[in-house]
Structure formats: structure tokens, C-alpha cells
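Structural description and commentary
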Amino acid sequence: MFLKKKILIGIVTYNRCKLLQRCISAIIPQIQDINLKADLLIINNSSTDDTVKFLNENKIKYITMENKGPVYGWEKLINTSIDKKYDYLWLMDDDGYPEKNSLKILSSFAENNKFSIIN
């Protein structure tokens, strides 16, 4: 099963670089494993730890914004997914640690149920 639609995977973070690294390390192999058209975007709520350094060193796309809490980060991700015409959006916090087949299960469900939060 290979989902042909575009997916935005969005993570909101603030000063939890180690947790963000763990979360991203669980997501990247999933994108590569099933060869999806998926992009990863991090919303950085003005972290003062090593978050930006980590993201830059690993060439991970991110947006830094004023820290008004995670809801504003999720709003930015939702609006970005609509503006960039993504078909699906998977949101999580930096302390999430998705199972190794989560993306496959979610994309299969979406494809089989003609489900989309964007359309």
C-alpha cells in the first residue's frame, strides 16, 4: 500500500530537544519505509535549548514562532497544511513516540475510508 496523497507531519516543540530527537527518530524511518509523499515540519515555540542547532544540523524544516503555547503551533501547522494543499495532516507533540508502523496504519485507514481532514 502506497498512499499517493501528500501528508504533512507536524510536531510542536519547546525546550525539549532530547524528546524531539526521539520523536523524529521514530518518524523518519516510517516515511522512508513506505515511500510516502510526506513532509516533516517542526513548530519551534522559541526554544532556548539545543533545538534549533539540532534542526539545522539535520536539515529538518522548522518555523520558529513566539511561544504562546502548543495550540498556536498546531494552528500554524493546520494553516500550513491548507495553504500548501496537503491532503492529510498528522499532528503531535515533541514527547510523542509513535510506534514503528503508525504512519502505515494511519495512511491505510485514510486511504481505505476516503478520509481527509483537509477536504
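Residues numbered from 1 in each chain as written. Predicted model: local features only at pLDDT ≥ 70, side-chain atom pairs only at ≥ 80, totals over all residues. Heavy atoms only, no water.

1. Comments concerning the environment of Gln30
Within the secondary structure layout, Gln30 lies in helix H1 (residues 17-33). In sequence terms Gln30 and Ser102 are 72 residues apart; their C-alpha atoms lie 7.9 Å from each other. Setting aside residues no more than four positions away along its own chain, Gln30 makes contact with Trp90, Pro98, Glu99, Lys100, Asn101, Ser102, Leu103 and Lys104. At 3.2 Å, the side chain of Gln30 and the backbone nitrogen of Ser102 are in polar contact. (Helix = DSSP H or I, 4+ residues; strand = E, 2+ residues; numbered from the N terminus. Contact = heavy atoms within 4.5 Å. Polar contact = N/O pair within 3.5 Å; in protein donor to acceptor, adjacent residues only side chain to side chain.)

2. Describing a nonpolar patch on the surface
A cluster of nonpolar side chains, contributed by Ile78, Ile82 and Leu91, occupies part of the molecular surface with about 220 Å² of accessible area. Within the secondary structure layout, Ile82 lies in helix H3 (residues 70-83). When its relative accessible area of 45% is taken as the criterion, Ile82 is described as partly exposed. (Patch = residues over 30% accessible without salt bridge, like charges linked within 9 Å, V, L, I, M, F, W, Y side chains within 5 Å. Areas by Shrake-Rupley, 256 points an atom, 1.4 Å probe, with all protein chains shown as cover. Salt bridge = Lys/Arg side-chain N within 4 Å of Asp/Glu carboxyl O. Buried < 20%, exposed > 50% of the residue type's maximum accessible area, 1.4 Å probe, protein only.)

3. Section: the nonpolar core
Ile9, Ile11, Ile24 and Ile42 are the most contacted members of the largest nonpolar core, which totals 20 residues. Breaking this core down by element, the ones donating at least two residues are strand E1 (6-13), H1, strand E2 (37-44), helix H2 (51-57), strand E4 (88-93) and helix H4 (102-112). In this structure Ile24 touches Ile11, Pro29, Leu40, Ile42, Phe54, Leu55 and Ile60, once residues within four positions along its chain are discounted. Counting seven residues, the second largest nonpolar core, distinct from the first, contains Leu41, Ile43, Tyr86 and Leu89. (Core = buried A, V, L, I, M, F, W, Y, C linked by side-chain atoms within 4.5 Å.)

4. Looking at the side chain of Ser102
Position of Ser102 among the secondary structure elements: in helix H4. A polar side-chain atom of Ser102 sits 3.0 Å from the main-chain carbonyl oxygen of Glu99. With residues near it in sequence (within four places) discarded, Ser102 still touches Gln30 and Trp90.

5. As for the pairing of E2
The element E2 is largely enclosed, with a buried count of six among its eight residues. Here E1 runs beside E2; their pairing, made up of eight bridges, is parallel. Bridge pairing in E2 links Thr13 to Asn44. (Pairing = 2+ DSSP bridges.)

6. Quick notes on the confidence of the model for the protein
Per-residue confidence for the protein gives a mean pLDDT of 88; residues scoring 70 or more make up 88%. Mean pLDDT across the secondary structure elements of the protein bottoms out at H4, with 81, and peaks at H2, with 98. (pLDDT = per-residue confidence, 0-100.)

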